[in-house]
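Structural overview for review
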Amino acid sequence: MRNIFTIVGRELRAYFISPIAYAVLTMFALLSGLFFVDYLGRVMQMAMLAGMQSAQFGGQAPPMDAPGTLMKAFLGTTGVVLLFMTPMLTMGLFSEEKKRGTMELLLTAPITDLQIVLGKFFAASTFMIVLLGTTWVPVSALYFYAKPASGPILVGYLGMFLYGLAIVSIGMFISSATESQIVAGIITFGVLLAMWMSGSFVQGVDNPIIKGVFDYLAVVNHLDDFVKGVLSTTNVIFYLSLTLLGLFLTYRSIDSLRWRG
């Protein structure tokens, strides 16, 4: 574990030495804040419109879970934003090591391939958690001005966490397969975008099996239950399986460097 924590600290320092980390943090916090304000305005407008309609017809406005409605829309959109930001977090994890020639030092150090992979994965995941933590700045306003149900919100963030682990592992594998950060970032973006939109690729296909497979592979779709406050074992297994697959492929990619070198 000591070797893993050493790599985690090394990678986190590398993140914050680079301006990329601050750019990603700033853009993510800015976009998530803007989306929160936008959805807040829409939900308030919906509540006011419902109240005006009920008053017009002499009835009572139906109860509306405004905080819950707001959080569903906000977390769903935040998941998409995180998908676009992840390539910038993972593109240099291994490709930059290869470019600078420090990958050989890692491979010859008294440390296993698994420790290298887990150390870099935990570092990128920690930074991803920091990104998600910035969203609590606007969300905390709900607890000052309303009484949202904490359970569904925590389930939603659990889904975001598992989803983040999965896409980080995919980006890390792609970074391990190239020596260029730019190429790694572009390919990661393309792969994640394809996984996000995979369900739309087969809209005109009549075969239910093919449609079901592509819908299942749509990585963002598995967030839907989480943001609704529903903890589904199927979705948890999907994200954990995808994470393990990404880690396994990365491990095999790094292992291949030893016998090729």
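Everything numeric here is computed off the predicted structure, so don't read it as measured data.

Thresholds applied
Residues numbered from 1 in each chain as written. Predicted model: local features only at pLDDT ≥ 70, side-chain atom pairs only at ≥ 80, totals over all residues. Heavy atoms only, no water. Helix = DSSP H or I, 4+ residues; strand = E, 2+ residues; numbered from the N terminus. Buried < 20%, exposed > 50% of the residue type's maximum accessible area, 1.4 Å probe, protein only. Contact = heavy atoms within 4.5 Å. Areas by Shrake-Rupley, 256 points an atom, 1.4 Å probe, with all protein chains shown as cover. Core = buried A, V, L, I, M, F, W, Y, C linked by side-chain atoms within 4.5 Å. Polar contact = N/O pair within 3.5 Å; in protein donor to acceptor, adjacent residues only side chain to side chain. Axes fitted to C-alpha atoms, helices over the stretch in contact; angles between N-to-C directions. Parallel < 35°, antiparallel > 145°, perpendicular 65-115°, else oblique. Nonpolar A, V, L, I, M, F, W, Y, C, P; charged D, E, K, R; others polar. Phe/Tyr/Trp six-rings, centres within 6.5 Å; stacked < 30°, edge-to-face > 60°. Lys NZ or Arg CZ within 6 Å of the ring centre and 35° of its normal. Salt bridge = Lys/Arg side-chain N within 4 Å of Asp/Glu carboxyl O. Expected span 1.5 Å × (residues − 1). Patch = residues over 30% accessible without salt bridge, like charges linked within 9 Å, V, L, I, M, F, W, Y side chains within 5 Å.

Moving on, we get to the overall build of the protein chain. Summing up its helical and strand segments, the protein chain has 12 helices and 0 strands in all. When the helices and strands of the protein chain are listed from N to C terminus, the series reads α-α-α-α-α-α-α-α-α-α-α-α. Residues classed as buried in the protein chain amount to 44% of the 261 residues present. The contacts of the protein chain with a sequence gap of at least 6 include a subset with a gap of at least 24, amounting to 77%. Only carbon and sulfur atoms are counted for the fraction: they give 70% of the accessible area of the protein chain, which is about 13,600 Å².

To continue, consider the nonpolar core. Of all hydrophobic cores here, the largest spans 62 residues; its most connected members are Leu82, Tyr163, Val219 and Tyr239. Here the element with the most residues in this core is helix 8 (residues 150-176); it accounts for 13 residues. Once you skip the residues sitting within four places of it in the chain, Leu82 turns out to touch Phe28, Met128, Leu131, Leu132, Met160, Tyr163, Gly164 and Ile167.

For Tyr22, the location among the structural elements is in helix 2 (residues 19-56). Overall, the relative accessible area of 43% leaves Tyr22 in the partly exposed class. Separated by 2.9 Å, the side chain of Tyr22 and the backbone oxygen of Phe16 make a polar contact.

Moving on, we get to the packing of helix 6 (residues 113-134) against helix 7 (residues 136-145). Axis separation between helix 6 and helix 7 bottoms out at 5 Å; the angle between their running directions is 40 degrees. In terms of their interaxial angle, helix 6 and helix 7 are classed as oblique. Contact with helix 6, carried on its side by Leu132, Gly133 and Thr134, involves Trp136, Val137 and Pro138 of helix 7 and no other residues of that element. For the contact of helix 6 with helix 7, the per-class residue count stands at 4 nonpolar, 2 polar and no charged.

Moving on, we get to the packing of aromatic side chains. Applying the stated criterion across every chain, the model contains 12 aromatic pairs. A centroid spacing of 5.9 Å and a plane angle of 70 degrees characterise the contact between Phe16 and Tyr22, whose relative ring orientation is edge-to-face. The partly exposed category is assigned to Phe16, whose relative accessible area is 32%. Taking 5.5 Å as the distance between ring centres and 50 degrees as the angle between the ring planes, the aromatic pair formed by Phe16 and Phe127 counts as tilted. In this pair, Phe16 sits in helix 1 (residues 2-17) while Phe127 sits in helix 6, placing the two residues 111 residues apart along the sequence. In this structure an aromatic cluster arises from ring pairing among Tyr15, Phe16, Tyr22 and Phe127. Seen from the ring of Phe94, Lys120 lies directly overhead, with NZ or CZ sitting 5.2 Å from the centre.

Position of Ser175 among the secondary structure elements: in helix 8. In this view, Ser175 contacts Thr90, Met91, Gly92, Leu93, Phe94, Ser95 and Ala184; residues no more than four positions away in its chain are not counted.

This part covers the pattern of salt bridges. Per the counting criterion, the structure on display carries 4 salt bridges. Between Glu11 and Arg10 there is a salt bridge; the shortest N-O distance is 2.9 Å. Glu11 sits in the buried class, given a relative accessible area of 8%. With a relative accessible area of 29%, Arg10 lands in the partly exposed category. In this structure, Arg252 engages Asp255 in a salt bridge whose closest nitrogen and oxygen atoms are separated by 3.6 Å. A residue pair is termed a helical-turn pair when its members lie 3 or 4 positions apart in one helix, as Arg252 and Asp255 do in helix 12 (residues 233-260) at 3 residues.

Counted at 1.5 Å a residue, the expected span for helix 1 with its 16 residues is 22 Å, and the 23 Å between its end C-alpha atoms agrees. Taken together, the buried positions of helix 1 are occupied by Ile4, Ile7, Val8, Gly9, Glu11 and Tyr15.

Before going further, it helps to examine a nonpolar patch on the surface. On the surface, Ile209, Ile210, Val213, Phe214, Tyr216 and Leu217 cluster together to form a nonpolar patch covering roughly 520 Å² of accessible area. By secondary structure assignment, the location of Ile209 is in helix 10 (residues 208-217). For Ile209, a relative accessible area of 64% corresponds to the exposed category.

This part takes up the environment of Phe238. Structurally, Phe238 can be placed in helix 12. Along the sequence, Phe238 and Leu162 sit 76 residues apart, while their C-alpha atoms lie 9.3 Å from each other. In contact with Phe238, other than residues within four places in its own chain, are Tyr216, Leu217, Val219 and His222.

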